[in-house]
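# Geometric and topological summary
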Amino acid sequence: MNLLTKSGGILGPIASVLGVVMTGVFAVLAAIHLPNIGLAIILFTIIIYMFMLPLTYRQQKFSRMTPLMNPELNEIREKYNGKRDQVSMQRMNEETQMVYAKYGVNPAGSCVQLIIQMLILFPLYRVIMNIPAYVAQVRDVFSSLASSLLTTTGAEEYLQEIAKSIQATTIAKEFSENTIIDTLYKFRPANWTALAENFPDLSGVIKQTETTIGRMNNFLGLNIANTPMNIIREHETAWLVIGAILVPVLAALSQWISIQLSMNNTQPEGTDQMASTMNTMNNVMPLISAFFCLTMPVGMGIYWIMSAVMRTIQMYFINGHLDKQDVNELLEKNMEKNKKKMEKKGGVSGSQISQNASINARNIDAEELKKSYSRLDQARELSKQAGEVSAEAEQNKKNIKPGSLAEKANMVSVYNEQHRKK
């Protein structure tokens, strides 16, 4: 049976797959006597980002090649500026694709990488926010207490009241074992104490559940189900407050470092205003991350920090690899790879591809193309005039009466025209 907070809709299947991965990670940790959800989130994040490494490499490669491609791409755009006919648009697209093939990048690859990141991020948020919905070992910790509360008089009203303060909304829709677990997972220490005081008959199972889940949720002294903001407000100890403050600070710092590495040698081409806007966004995003990690559970902050750390490590090695590559050798490899790919498709020969790929936008005779357009327009005009003359002659022929003098004159004209052609 699934909790009501388990992600549904289009993202539901993705969340379920991620839940299976999280369950496997937690099972491994439990087998070595380290059943800790914080550690599970760290290992889980590493696995996810290793899976996304090829996409990250392609995105960074595209970013690194963009400044090199832009001069040629801009020349192509300038050459076809203002031309909207089908021939021009087709040739512009072909020349653009030649440039992309020359540099061995796919502009759609960057978009695909971002889409996949979003498709993973949102269901991943649901998994981390609702661990018991996806990890059976964690859910089992609450089962005994939840089933007891389900049959205890006054438990429904009490839990629904508590749920409002901790934003556990599913219990208001249905009072069941699943929604009780959903609510209990969001409990803070004060909530556990109050629950035991209100239901003394269940104090033993309440204490056992609190101890077990507290051990699972404890990461460096912080309860990952609680938010740094609440920990600071409760100010239980100075060390906990310092730890709570470090979560958003580390989230902002790690993301700033990750952004700096990802932007290395990929400064945006354009006006100073555009560059200033990009720099402002790069400085604001870490601050937004700090705010989110301050108000969300510590578990999400752990994921946020670990994600930035993984991106930083990946960017460091990817940039190091790309820096060692000679651009000219890379272009030759890309052209050779594209040649083989096109030859397999049976489109054009390798020599034609090589010839086309070496063409620079400056060497294409725009004046000759303009003359071709002019000749094409003249031919269309002559064809139009010929059609009009033919239509007029056909109409005149219909107006001639049989046996009339005009008909005989027309027959003589046709006879003379035929002999003239001979």
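Refer to the structure printed above.
Residues numbered from 1 in each chain as written. Predicted model: local features only at pLDDT ≥ 70, side-chain atom pairs only at ≥ 80, totals over all residues. Heavy atoms only, no water.

Among the secondary structure elements, Ile259 is positioned in helix α14 (residues 238-262). Judged by its relative accessible area of 13%, Ile259 is buried. Spatially, the C-alpha atom of Ile259 lies 9.2 Å from that of Met285, the residues being 26 residues apart in sequence. (Helix = DSSP H or I, 4+ residues; strand = E, 2+ residues; numbered from the N terminus. Buried < 20%, exposed > 50% of the residue type's maximum accessible area, 1.4 Å probe, protein only.)

Attention shifts here to a nonpolar patch on the surface. On the surface, Trp239, Ile242, Ile245, Leu246, Val249, Leu250, Leu253, Trp256 and Ile257 cluster together to form a nonpolar patch covering roughly 870 Å² of accessible area. Examined against the element boundaries, Ile257 turns out to sit in helix α14. Take Ile257: its relative accessible area is 35%, and that puts it in the partly exposed class. (Patch = residues over 30% accessible without salt bridge, like charges linked within 9 Å, V, L, I, M, F, W, Y side chains within 5 Å. Areas by Shrake-Rupley, 256 points an atom, 1.4 Å probe, with all protein chains shown as cover. Salt bridge = Lys/Arg side-chain N within 4 Å of Asp/Glu carboxyl O.)

We now examine the nonpolar core. A general feature of soluble globular proteins is that nonpolar side chains tend to end up buried together. Counting 68 residues, the largest nonpolar core has Val138 and Leu195 as the members making the most contacts within it. Counting residues per element, this core draws most heavily on helix α16 (residues 298-324), which supplies 8 residues. Here Val138 is in contact with Phe26, Ile37, Ile131, Pro132, Tyr185, Ile213 and Met216, once residues within four sequence places are set aside. Core analysis: the next-biggest nonpolar cluster, separate from the first, contains 10 residues, Phe62, Met65, Leu73 and Ile76 among them. (Core = buried A, V, L, I, M, F, W, Y, C linked by side-chain atoms within 4.5 Å. Contact = heavy atoms within 4.5 Å.)

A few words on helix α11 (residues 189-198). Regarding α11, the residues found buried are Asn191, Trp192 and Leu195. One face of α11 carries all of its buried residues, which in axial projection span an arc of 100 degrees. Exposed residues on α11 whose side chains face more than 90 degrees from its buried face are Ala190 and Glu197. (Arc of directions from axis to C-beta.)

To describe a pair of aromatic rings, you give the distance between the ring centres and the angle between the ring planes. Enumeration over the complete set of coordinates arrives at 6 aromatic pairs. Here Tyr158 and Phe199 contribute two aromatic rings whose centre-to-centre distance is 5.6 Å and whose plane-to-plane angle is 80 degrees, an arrangement assigned as edge-to-face. With Tyr158 in helix α8 (residues 155-166) and Phe199 in the loop between α11 and α12 (203-217), this pair connects stretches of sequence that are 41 residues apart. Residue Tyr158 shares its accessibility class with Phe199, and that shared class is buried. Connected via pairs of aromatic rings, a cluster forms that spans Phe291, Phe292 and Trp304. (Phe/Tyr/Trp six-rings, centres within 6.5 Å; stacked < 30°, edge-to-face > 60°.)

The phi dihedral of His33 is positive, around 65 degrees, even though this residue is not glycine. Looking at the element boundaries, His33 is found in the loop between α1 (12-31) and α2 (37-51). Given the relative accessible area of 69%, His33 is considered exposed. In this structure, Leu220 is a non-glycine residue whose phi angle is positive, near 55 degrees. By secondary structure assignment, the location of Leu220 is in the loop between β1 (218-219) and β2 (222-223).

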